[in-house]
There are 2 protein chains.
Amino acid sequence: LRVFVVRLGHRHIRDQRTTTHLFLTARAFGADGIIYFGQRDKELEVRIKEFTNVWGGPFEVKYGNGVIEFFREWQENGGEIVHLTMYGLLIQNVIEEIRNSNVDKLIVVGGSKVPSFVYNFADWNVAVTSQPHSEISALSVFLHELFEGQELLKTYRNAKLDIVPQTKGKKVVNKHA
Amino acid sequence: LRVFVVRLGHRHIRDQRTTTHLFLTARAFGADGIIYFGQRDKELEVRIKEFTNVWGGPFEVKYGNGVIEFFREWQENGGEIVHLTMYGLLIQNVIEEIRNSNVDKLIVVGGSKVPSFVYNFADWNVAVTSQPHSEISALSVFLHELFEGQELLKTYRNAKLDIVPQTKGKKVVNKHA
């Protein structure tokens, strides 16, 4: 089972920080990679690759062109699409059904304006609360529920740095030192 | 049991979007309010109050002066402090102990540079994974675990708008119409 996050409508510079948070969240909570649409942002791609170099992988970042074709092809290949939106069905009511459907998943996270075809393509429109908050928290809690907390145990390959959990302070091990 | 989120080192303009996401996340995942330190940002306060007016409350936003005095007083009044940091103990190993300690909690979320006194004041330094990601996802997953998913059932008082979960599309009810 592979899980990829889709970021729609990325805007260079304006969204740099929130998209970086979103990509790192996808990586830290067990997604295999991210495909983003909107404006291409090579700085962002480089930054995420640097994170993966230092903290381990694998984690893919790809720029996509043509969302509709991409969604269509994904579903034709047997994959499913989950769209995170505050207007969707409540996560607590649908997460079990989503977990039980054991095929590859795209988790789609909108930008400010999500075109209506996204709602229609989605196999599930899912609300992580019906309240306004953040696509970053929606994604993290969704993945945490999808993987039932098992993502917290994930280990990463070829990490250069490793943190050793501490009661107080910081302990970082440089594995190549 | 009351739970407040503390944001350290807010920077006006630069952090506006991420701090807004953080505040809305605190509200949507069951915190009673937020106290922020760093640069005062009245626009941010107004924006959060507008959200609470539209989507319901209660949810408090306060600007704090003097973190050390604030932490000291909180603990003297019997409250506890949880500091979210990638260097801390893993959430899966400490969340039960934190839940069982049934007193008011501050959940502290750093900015880019967290002074070492924060680690020392904290009753728990907690890592939501030892990987770099986002204070927004750390906060949401922490609160989701602290409240054991019950925060998803929370209702808000005096909301003007209400979303009715849908399979496709959007349904918003204006309660004053």
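Keep in mind that this is a model prediction, so the values were computed, not measured. (Residues numbered from 1 in each chain as written. Chains lettered and ligands numbered in written order. Predicted model: local features only at pLDDT ≥ 70, side-chain atom pairs only at ≥ 80, totals over all residues. Heavy atoms only, no water.)

A. A look at the overall build of chain A. Counting secondary structure elements, chain A contains 6 helices and 8 strands. Reading chain A from its N terminus to its C terminus gives the helix and strand order β-α-β-α-β-α-β-α-β-α-β-α-β-β. Against the globule reference of 16 Å for 177 residues, chain A gives a C-alpha radius of gyration of 17 Å, in line with a compact fold. For chain A, with 177 residues in total, the buried portion stands at 54%. Within chain A, counting contacts between residues at least 6 apart in sequence, those at least 24 apart form 81% of the total. Carbon and sulfur atoms make up 48% of the accessible area of chain A, which totals about 8,100 Å². Averaging the locations of the 22 positively and 20 negatively charged side chains of chain A gives two centres separated by 9 Å. (Helix = DSSP H or I, 4+ residues; strand = E, 2+ residues; numbered from the N terminus. Rg over C-alpha atoms; globule rule 2.2 N^0.38 Å. Buried < 20%, exposed > 50% of the residue type's maximum accessible area, 1.4 Å probe, protein only. Contact = heavy atoms within 4.5 Å. Areas by Shrake-Rupley, 256 points an atom, 1.4 Å probe, with all protein chains shown as cover. Lys, Arg positive; Asp, Glu negative; His and termini not counted. Charge placed at Lys NZ, Arg CZ, Asp CG, Glu CD.)

B. Summary view of the sheet that holds strand 6 (residues 124–127) of chain A. Residues and elements named next belong to chain A. Spatial ordering of the open sheet is given by 3-2-1-5-4-6, a layout of 6 strands whose pairing is parallel. Bordering the open sheet on either side are strand 3 (60–63) and strand 6, each of which pairs with just one other strand. In this sheet, neighbouring strand axes are inclined to one another by 30 degrees on average, regardless of whether the strands run parallel or antiparallel. One ladder, built from 5 bridges, connects strand 4 (residues 80–90) with strand 6; its direction is parallel. (Pairing = 2+ DSSP bridges. Axes fitted to C-alpha atoms, helices over the stretch in contact; angles between N-to-C directions.)

C. Spotlight on the relation of the copies chain B and chain A. Between chain B and chain A, which share one sequence, the superposing operator has a rotation angle of 180 degrees and an axial displacement of 0.0 Å; the RMSD is 0.0 Å. In short, the pair behaves as if placed about a two-fold rotation axis. Distance from the rotation axis, computed per C-alpha, reaches its smallest value in chain B at Ser137(B): 2.4 Å. Here 100% of the contact residues of chain B are again contact residues in chain A; the copies associate through an equivalent surface. (Least-squares fit on C-alpha atoms with pLDDT ≥ 70 in both.)

D. Layout of the packing of helix 1 (residues 16–28) of chain A against helix 2 (residues 42–55) of chain A. Residue and element names in this part refer to chain A. In contact at an axis separation of 11 Å, helix 1 and helix 2 are set at 35 degrees when each is read in the N-to-C sense. The way helix 1 lies across helix 2 gives a crossing that is right-handed. The residues of helix 2 that touch helix 1, namely those facing Gln-16, Thr-19, Thr-20, Phe-23, Leu-24 and Arg-27, are Glu-43, Leu-44, Arg-47, Ile-48, Phe-51, Thr-52 and Trp-55. Partitioned by chemical class, the residues of the contact of helix 1 with helix 2 number 6 nonpolar, 4 polar and 3 charged. (Left-handed = near helix turned anticlockwise from the far one by under 90°. Nonpolar A, V, L, I, M, F, W, Y, C, P; charged D, E, K, R; others polar.)

E. Region of the structure containing the packing of aromatic side chains. All names here are of chain A. For the structure shown, the criterion picks out 16 aromatic pairs over all chains. Aromatic pair Phe-23 and Tyr-36: ring centres 5.9 Å apart, planes at 55 degrees, arrangement tilted. Of this pair, Phe-23 sits in helix 1 while Tyr-36 sits in strand 2 (residues 33–38), and the two are 13 residues apart along the sequence. A relative accessible area of 0% means that Phe-23 is categorised as buried. (Phe/Tyr/Trp six-rings, centres within 6.5 Å; stacked < 30°, edge-to-face > 60°.)

F. Local environment of the nonpolar core. With 68 residues, the main nonpolar core has Phe142(A) and Phe142(B) as its most contacted residues. If sequence neighbours within four positions are ignored, Phe142(B) has contacts with Val82(B), Leu84(B), Ile91(B), Ile95(B), Ile98(B), Ile107(B), Val126(B) and Val128(B). (Core = buried A, V, L, I, M, F, W, Y, C linked by side-chain atoms within 4.5 Å.)

G. Just the confidence of the model for chain A, in detail. Looking at chain A as a whole, its pLDDT mean stands at 96, while 98% of the residues score no less than 70. Here the prediction assigns the complex a pTM of 0.97, and the interface score ipTM is 0.97. (pLDDT = per-residue confidence, 0-100.)

H. Looking closely at the interface of chain B and chain A. Listed as interface residues are 51 residues of chain B and, on the opposing side, 51 residues of chain A. When the area that chain B buries against chain A is broken down by residue, the three leading residues are Arg17(B), Tyr87(B) and Gln131(B), summing to 15%. Counting the contacts that link chain B with chain A gives 2 salt bridges. When the shortest N-O distance is used, the salt bridge between Arg17(B) and Asp15(A) registers 2.9 Å. Here chain B is connected to chain A by 27 residue pairs in polar contact (both at pLDDT 80 or more). (Buried area = accessible area lost by both parts, 1.4 Å probe. Salt bridge = Lys/Arg side-chain N within 4 Å of Asp/Glu carboxyl O. Polar contact = N/O pair within 3.5 Å; in protein donor to acceptor, adjacent residues only side chain to side chain.)

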